[in-house]
Amino acid sequence: MVKWVSPTTEMVEVIARDMREADKVEVWASNHHLPLESLMKGWQLSDFTSVALSDEGEPLVMLGLVKRDILTGSGVVWMLGTNESMKHKKEFLKQTKQVIDEMLTICPRLCNMVHSKNKSSISWLKWLGFTIDEPVPYGPDNELFHRFHLERSA
């Protein structure tokens, strides 16, 4: 069972130390941030954040939502996870749909960019119902990223 809780500094540090390689590559390619820096900035900028804990209380992932445009209702959604999170994929997948639905009550339009090499994240986003656009150059090194987006159903 995965439990969602408010983040603590200690949880963020655990996630940063064991961050999945694909997520490390993505945060570097998007902003030249290291794992801890990326998580802390995401936490600071977000209007909503949550950490998934394993049954043993181990932090698995952190996700957040940054309200971007009040007029259009759009928000930037993000998630970074640990290597350990991959051992809890089945339960995690079930529960993230509920978290995304909660985010859609805050912002009816969710979007962000995902590194084209982050195949597991792209698969997860598709499973959640996000539309994945064609890759475009993005970030300081112009690596390929896909814009992804989802709108709340009427």
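On a predicted model such as this, the values are computed, not experimentally measured, just so you know.

1. Details of helix α1 (residues 9-17)
Here's step 1: Here α1 has its buried residues at Met11, Val12, Ile15 and Ala16. For α1, the arc enclosing every buried residue in end-on projection is 135°, short of the 170-degree limit, so these residues lie on one face. Of the residues in α1, the exposed ones pointing more than 90 degrees away from the buried face are Glu10 and Arg17.
Here's step 2: Against the buried residues of α1 lie β1 (3-5), α3 (35-45), β2 (48-53), β3 (59-69) and β4 (74-81).

2. Some details on helix α2 (residues 21-31)
Here's step 1: When we look at burial in α2, the residues that qualify are Asp23, Glu26, Val27, Ala29 and Ser30. For α2, the arc enclosing every buried residue in end-on projection is 165°, short of the 170-degree limit, so these residues lie on one face.
Here's step 2: Downstream of α2 by a residue or two, histidine 32 has a phi angle that is positive, lying close to 60°.

Definitions and limits used
- Residues numbered from 1 in each chain as written.
- Predicted model: local features only at pLDDT ≥ 70, side-chain atom pairs only at ≥ 80, totals over all residues.
- Heavy atoms only, no water.
- Buried < 20%, exposed > 50% of the residue type's maximum accessible area, 1.4 Å probe, protein only.
- Helix = DSSP H or I, 4+ residues; strand = E, 2+ residues; numbered from the N terminus.
- Arc of directions from axis to C-beta.
- Contact = heavy atoms within 4.5 Å.

By themselves, these are just geometric observations and shouldn't be taken as functional.
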